Each structure stands twice: as C-alpha cells, then as structure tokens.
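Chain residues, written in single-letter form:
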Amino acid sequence: RNHLFDHLALINTLSRGLTLTGIGEPEQVATAYVDPDFFGALGVQPAQGRAIRLDENETGRNRVVVVSHRLWLSRFAGDLSITQRTVTLDGQPFTIVGVMPPAFHFPDANIDLWAPESLIDPARAPRRRDVRYQRVVARLAGGVTLEQARAGMNAIAGQLMAQYPDTNAARSTVTVVLLRDALVGGRLRAALWLLLGAAGMVLLIGCANVGSLLIARGTARQREIAIRIALGAGRGRVVRLLLTESLVLAVGGGILGLAASVWGLDALLALSRDLLPGQNEIHVDWRVLGFSLLVSIFSAAIFGMGPAIRASRSDPQSALSFGGRGSTPGSGRRRLWTTLVVGETALAVVLVMSAALMIRGFERLVHVNPGFDPRGVVTVTMNVSSSRYPDRQRYMAYYREVLDRVRQAPGVRLAGSTRNLPLLGVAEQWPVIVEGQPAVASGAEPLVPEHQVSPDYFRAMGIPLLQGRAFTAADDEHAVAVAIISRSMALRFWPTTDPIGRSFRFGPQSVTVVGVVGDIRQTRLDAEGAPEFYVPQLQDPRRGFTLVIRTVGDPRAMEATLRHEIRAVDPDHPIIRIATMAEVLGDAVTQPRLMSLLFGIFGVLALGLAMLGIYGVLAYTVSLRTHELGIRMALGATPRDTMMMILRDGVRMAIAGVALGMLLALGLTRLMTSQLYEISATDPVTFVAVAGLVLVTGLLASYIPSHRATQVDPLVSLRCE
C-alpha cells in the first residue's frame, strides 16, 4: 500500500541453514531467506554472476542460492566458473547464481548463503497475521524523509488494525530506523564513542607531555635562540625552525604509531569476535594513513606552537648578558610547565578512573550467578534436515536415538536438550492469556518467551526446581499439554496463589503448570531473570535442538566422543557447534571484556605519560637550577633540604592534577553508566583508590629528579662560573 520505498524485502534468519553435502565434510551453512528485492534494497549486487530473480521466489523454481565470498573460497576453492554450478543442499540440487563481494555479510556476520524466502516450510513459519518473525529492509524513495516514512507506515498500520482487529489490535505503530542505527546499536555506539574519547585523551596527554618538555628544552636553548636573533634571524624564522622540529617529532611518532596499529588491529579484531559491525572491512588503508597524517600535524601544532612563539619572544640582550651561565626558569615559564603537567595528570586520573570502573564492573559481571551451573557442561547444537527427515516420526526417531546414544556415552552423567540455549538461543515470544483471570484487551497481552526442553534439561543445566515436578518421558504428544514456568513468571501472574495446576494459553494451545524453576539469565548476563515458560520437546517438537551434557571430567575432552556417537546415527548430518558452557559464558561478555582491556591499556598509557611528564619537568628544572642549587648548598642547605624542595614541587603538581581529575571524573564517568554493571560511575572506593595510586606514582616520578638534586657538588657547579 505504500509509496514510500523503492525497494522492500523480507529477511528470515530464524529458520535453520541449508546443509551442504558432496564437498568434504557435511556442513550446515548459515542461510538468510530473502525476497529477491533484498539486493536492490541494499544497493549491492553479486561480484560474480547475478542476484535472485523475482520469478525464482516461486515454488518449484526457487532452488537457487547466492554464496558469500568466504564460502566461495573455503568450500569451492575460488572456482571462477562457480555460477550455474549445481550443489547439493538439504539433499536437493541447487544452482549457484552469484557470489557476493568479500566485505558483504548481512544481515548477520555468519551468513554464507542467500536463498529465496519461499523455501521456508510454511508448517514451521505459518503465513498468519499473528505470526511476526520477519525482518524487513527497505530503501527510501527519492525525496522521502525518515519522518515521512514513519508517518506513512503508521497510517498503513492504523488501516490494517481497523481492517483486521482480531490480529492487529494495539499494533498501530511501525518502527522505522536507519540501517546504520540498527547495525550499531545504542550500547555499541556509546562504547565506540567512549573509546574514541579515551584515545583523544591519551593524545592530549602526549601533546601536553611533549609540549612541557619542549618548553623546558627552550629554556636551555635561550642562548642559542638569542644568538640566531642577534645574527638577523626574524621571529617568524625562529618559529618556523622550532615548528619544523615539532613536526619531525610528531610525524616520527605517527609513523611508529601507524606501524604499531597494524599489529594492534589484528589483536583487536581477534579479541572483538565479530562484535564490531563491518569487521571484515576494517583495515589500514589510505583513509587511515590520511587520518594519521592529520593527527600528526595537529599534534605538532598543539605541542609546538606555544613553545615556538614563547622562544621567539625572548630578549637577545638579556639572554646573552649572562654569558655561559645557566639560568633559573622564570615564574611565567614555570607556571606554564605546571599547568601542562597538572592538566595531563588530571586527564590521566579520568582515564585510570574509567578503566578501574570498567574492570570492577566486568569482574562483577563474570561472577554473576546465571541461574545455572556451567561447570562440566558441554553443548552440541544441531538442526535436522527436513529433506533427510521430512516427517515428524522420522525426525523424532533421529532425535531420540541421538539423545539415547549420548546419554550412554562414557563420561556422560546427564544429557538433555533445548531449542534455546541460554545466552545464545533466540526464543519465540507468545502473548499469554491466564485462564481464570480478568481478560486483557486483544493485542495487549504480555509477551513471554517459550522454550522447548527435554525431561533432563534442568538437571543437566543445574537449574533448580523450586516447586512441582520436572518433565518426564510420559510428557509426549499423547499426554496432557503441560508447562514449567520460571519464578518470575509465577510472581508475575500468580503473585499470591500457588501456580501449580493453573492453566494459561499461548497461541492456540492451553497448558497446565506442573512446576516452577529458578530464573536464569537467558538473553544477557547483565539482564535479570524474566518471566519465561518451558514446554516438553516431545509434545510439540520443532526442528533444531541443542544437546546439554553434564560430564564426569573435562567437558572439552568429550568432543571426539560426542562426534562419534552422533555420526554413528547419521554420518552425513552436520554438527553446527560443540562448545562448553564456560565458552558460551565467555562469548557473552566479549564487549565488556574488550572495553575493560582497552580502557585498561589507555589508563596505563595515560598514567605512564603523566608521570613521565612530572619526571621530565623536574629533571629539566634540576639541570637548569644547578647553579642555584650549588649556591644553596654552599650557604648551608643540606641534601635533605634540597631533596624536599624539589620533591614538594612534584607532589604539588600531582596533588593539583588529582584534585582536578577527580572533579572531571565526577562528570565524565557518568557518560559510561550504560557500560557498567552493578557499580556506580561515582563509586567512592574506586575514586579513593585511583587518587591514592596516582599520588603514589607521582611521588615515585618526583623522587629520582629530587634525589639527583642532592648529588650537585657546590664546588663543581660554581667553578664553571
């Protein structure tokens, strides 16, 4: 009905992938089932061959696929005659019509096949108005804004709600977002901005550090600059000279940083584990080179301009009147040094504070109770081919035989199965209607996730049974429909009564509650347990399951045994993934782990640079004040007095930097609240600990120059005068 889009396409990735056989080991390839308009909506065409045609979405003509560049290389060895080649997928002949460009991985990073949407089995994905599982991608028509598209789609939704009140009630709005915003969600976008800000702070600290050292060096070069000016060099010439030196330093540092980034990028991408969208497109290219050059020039201007202008303004007569004698830096110059060092110390405090908060939040996250016991558990994910096992009886026979063989394998204590593994499985959500309670308006029913599990699933996963009973082998398709609910669901729908024996409906089915289990973290570790319900896998089996096996010893050592037992049932059926629950938990915290690591690196760099700045300024100060220190000692100053004088300067700078940094951190760390778990962005313990750490390191950075000052020999320092 709309005239808002030039292209509009459905995308389905919830259905299982297609199984590739006849070329090496059987493999279930991740597949996106799409409308032919999918490629036009994204504005991307195959690098070889062609896209799926409109008529190829019709039943009987839809045995065609487009393959990814990655699959083309790995399974077809980069065969240039790949298009129009016939391969066996799900036991049926399919024709490969195209190969996508190397960087194209959409809608998910693991997709390697694109097939016509009409291939989806209607029995598994019924074409009903109340079943909503598709993703939709569209391209705005020329001149249509995002706001106009939202208004137009909402108008259509209103028309459909009036036309089909039974299924479209309370569905008067449509969510229309830019694809960029959908790919880079709020949490990830915030994380990337935080990382960019942290990198910018490290750059500023480095610039302030080098700037303070150049000012100190300029003090030592006063005589040289004075001679140049006395011999006729203009102030502009002096500024250009000093800026050129700064540019050489900056470009040299930029080249070293660029070289380090080549290695660092590989490490970063390995750690991110496909967390970053478009990860395969991230590499060092001309844009990175150009950005590095601009940053280097920018850095040279920041840390070189001030010292250069200040040096060019020096008075030649005053600088030369002292002959060869060293001079004590003036109060203005010392104030500038102090300002730069205090500023970089303050920024270092902010970064160290951010790193400490990230690390503490990550530590709490990895120690959170997920509601199940992952120790000693290994999982095997499978999707059963509809071509090899076309009917329910054959599928269930295969499922039962696999589960029975795994149960009897040596080293296995318990074995169960589920369709939605915690932290991995995307569960179907159903509108729930509780029988015996006041009716809810159509379309306003609460949505609750449904999980299909086997009788031993809860024991194998270590999920506690709180009330009632677990499922048994008798809970099959011939028995009364039953369900087990989570503790949160019991509190949500039966807060004051016993839920055992109560009934509720989801979709066309009515089930009786026979048990209550503890809440688990099903979707994310940082998401509290929510209402969920479980139904027996034997009562309404759907293709695809994940075996959950509790082992006697090391679960990772069971992989070979499990593969042997499963292939003994059907050697040509692929296994999608074997992973321990410890590995699943590790994958679930990829982003917070990466953020903690990167902020930790930035914090260490910042603290090191800031302390180097304090050390450098004090060291230069001592070298320039050698004559003054010699006089003080000749007049009776003890080494301890001299040491404390220099040490006080360093400690004052550190204290001022910490104080300013704490004030900045109070405001800036609030920006990272979304990245923290169960810890406040203004946690007092962290603030005190970081302040103490920076003060101690500042004291250590000040000690060496102050100790060196005590080694000044008055006779030697005065003899040269």
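Just so it is clear, the structure is predicted and the values come from calculations on it, not from any experiment.

**Details of the overall build of the protein chain**
Scanning the protein chain for helices and strands turns up 21 helices and 21 strands. By the compact-globule yardstick of 27 Å for 721 residues, the protein chain is too spread out, its C-alpha radius of gyration being 34 Å. Each of the three principal axes of the protein chain carries a C-alpha extent, and together these read 105 × 55 × 55 Å. Taken across its 721 residues, the protein chain has 46% of its residues classed as buried. Sequence-distant contacts in the protein chain: of pairs separated by 6 or more residues, those separated by 24 or more amount to 80%. Total accessible area on the protein chain stands at roughly 34,500 Å², and carbon and sulfur atoms take up 60% of it.

**Section: the pairing of strand 9 (residues 113-116)**
The pairing of strand 4 (residues 31-34) with strand 9 spans 4 bridges and is classified as parallel. If you follow Y33 over to strand 9, its bridge partner there is A115.

**Focus on the pairing of strand 19 (residues 533-536)**
Of the two faces of strand 19, the one lined by F533 and V535 and the one lined by Y534 and P536 are each fully buried. Pairing analysis gives 4 bridges linking strand 14 (residues 447-453) to strand 19, with the strands arranged parallel. In the sheet register, H451 faces strand 19, and the bridge partner there is Y534. Taken together, the 2 bridges between strand 16 (residues 482-486) and strand 19 define a ladder with antiparallel strand orientation. If you follow I484 over to strand 19, its bridge partner there is Y534.

**Describing the environment of N168**
Relative to the helices and strands, N168 resides in helix 4 (residues 165-168). Residue N168 is classed as buried on the basis of its relative accessible area, which comes to 9%. A C-alpha to C-alpha distance of 8.8 Å links N168 and G158, two positions 10 residues apart in sequence. In this structure the side chain of N168 is engaged in a polar contact, spanning 2.8 Å, whose partner is the side chain of T167.

**Side note on the packing of helix 19 (residues 639-668) against helix 20 (residues 684-709)**
Interaxial distance between helix 19 and helix 20 falls to 8 Å at its minimum, and their mutual angle equals 155°. Our classification of the angle between helix 19 and helix 20 gives roughly antiparallel. The two elements helix 19 and helix 20 cross, and the hand of that crossing is right-handed. In contact with T642, M643, I646, L647, G650, V651, A654, I655, V658, M662, A665 and L666 of helix 19, helix 20 contributes F687, A691, V694, L695, G698, L699, S702, Y703, P705, S706, H707 and A709.

**Digging into the nonpolar core**
Nonpolar side chains in soluble globular proteins generally cluster together in the buried interior. Residues F599 and I614 are the most contacted members of the largest nonpolar core, which totals 53 residues. Looking at this core, the elements that each hand over two or more residues are helix 6 (186-220), helix 11 (331-366), helix 17 (590-624), helix 18 (626-634), helix 19 and helix 20. Those residues in contact with I614 that sit more than four places away from it in its chain are V341, T345, G650, M653, A654, G698, A701 and S702. Of all hydrophobic cores here, the second largest spans 29 residues; its members include L423, A460, V514 and M581.

**Brief notes about the pattern of salt bridges**
Applying the stated criterion to the full structure yields 27 salt bridges. Of the charged contacts in the structure, one is a salt bridge between D181 and R189, with a shortest N-O distance of 2.8 Å. Judged by its relative accessible area of 30%, R189 is partly exposed. Across the salt bridge formed by R556 and E559, the nearest N and O atoms sit 2.6 Å from each other. Its relative accessible area of 24% is what places E559 among the partly exposed residues.

**Looking at the environment of L666**
Topologically, L666 is positioned in helix 19. When the C-alpha positions of L666 and D683 are compared, they lie 9.6 Å apart, and in sequence the two are 17 residues distant.

**A few points about the packing of helix 7 (residues 222-230) against helix 8 (residues 235-272)**
Orientation of helix 7 relative to helix 8, taken along the N-to-C sense of each, is 140°, at an axis distance of 10 Å. By the criterion of interaxial angle, the relationship of helix 7 to helix 8 is oblique. Crossing of helix 7 against helix 8: the hand is right-handed. Two secondary-structure elements touch here, helix 7 through I225, R228 and I229 and helix 8 through R235, V238, L241 and L242. A breakdown of the residues in the contact of helix 7 with helix 8 according to their chemical character gives 5 nonpolar, no polar and 2 charged.

**What about unusual backbone geometry?**
Following F106, the chain continues into P107 via a peptide bond in cis, with omega recorded as 10°. Inspection of the secondary structure assignment puts P107 in the loop between strand 8 (92-99) and strand 9. In this structure, Q84 takes a positive phi of about 75° despite not being glycine. Relative to the assigned elements, Q84 resides in the loop between helix 2 (69-76) and strand 7 (85-89). For Q84, a relative accessible area of 53% corresponds to the exposed category.

**Structural notes on the packing of aromatic side chains**
This model, assessed by the stated rule, comprises 15 aromatic pairs. Taking 6.3 Å as the distance between ring centres and 75° as the angle between the ring planes, the aromatic pair formed by F38 and F104 counts as edge-to-face. Note that F38 is positioned in helix 1 (residues 38-42) and F104 in the loop between strand 8 and strand 9, a separation of 66 residues in sequence. The class for F38 is buried, based on a relative accessible area of 0%. Of the residues examined, F104 reaches a relative accessible area of 9% and is grouped as buried.

Procedures and definitions
Residues numbered from 1 in each chain as written. Predicted model: local features only at pLDDT ≥ 70, side-chain atom pairs only at ≥ 80, totals over all residues. Heavy atoms only, no water. Helix = DSSP H or I, 4+ residues; strand = E, 2+ residues; numbered from the N terminus. Rg over C-alpha atoms; globule rule 2.2 N^0.38 Å. Buried < 20%, exposed > 50% of the residue type's maximum accessible area, 1.4 Å probe, protein only. Contact = heavy atoms within 4.5 Å. Areas by Shrake-Rupley, 256 points an atom, 1.4 Å probe, with all protein chains shown as cover. Pairing = 2+ DSSP bridges. Polar contact = N/O pair within 3.5 Å; in protein donor to acceptor, adjacent residues only side chain to side chain. Axes fitted to C-alpha atoms, helices over the stretch in contact; angles between N-to-C directions. Parallel < 35°, antiparallel > 145°, perpendicular 65-115°, else oblique. Left-handed = near helix turned anticlockwise from the far one by under 90°. Core = buried A, V, L, I, M, F, W, Y, C linked by side-chain atoms within 4.5 Å. Salt bridge = Lys/Arg side-chain N within 4 Å of Asp/Glu carboxyl O. Nonpolar A, V, L, I, M, F, W, Y, C, P; charged D, E, K, R; others polar. Phe/Tyr/Trp six-rings, centres within 6.5 Å; stacked < 30°, edge-to-face > 60°.

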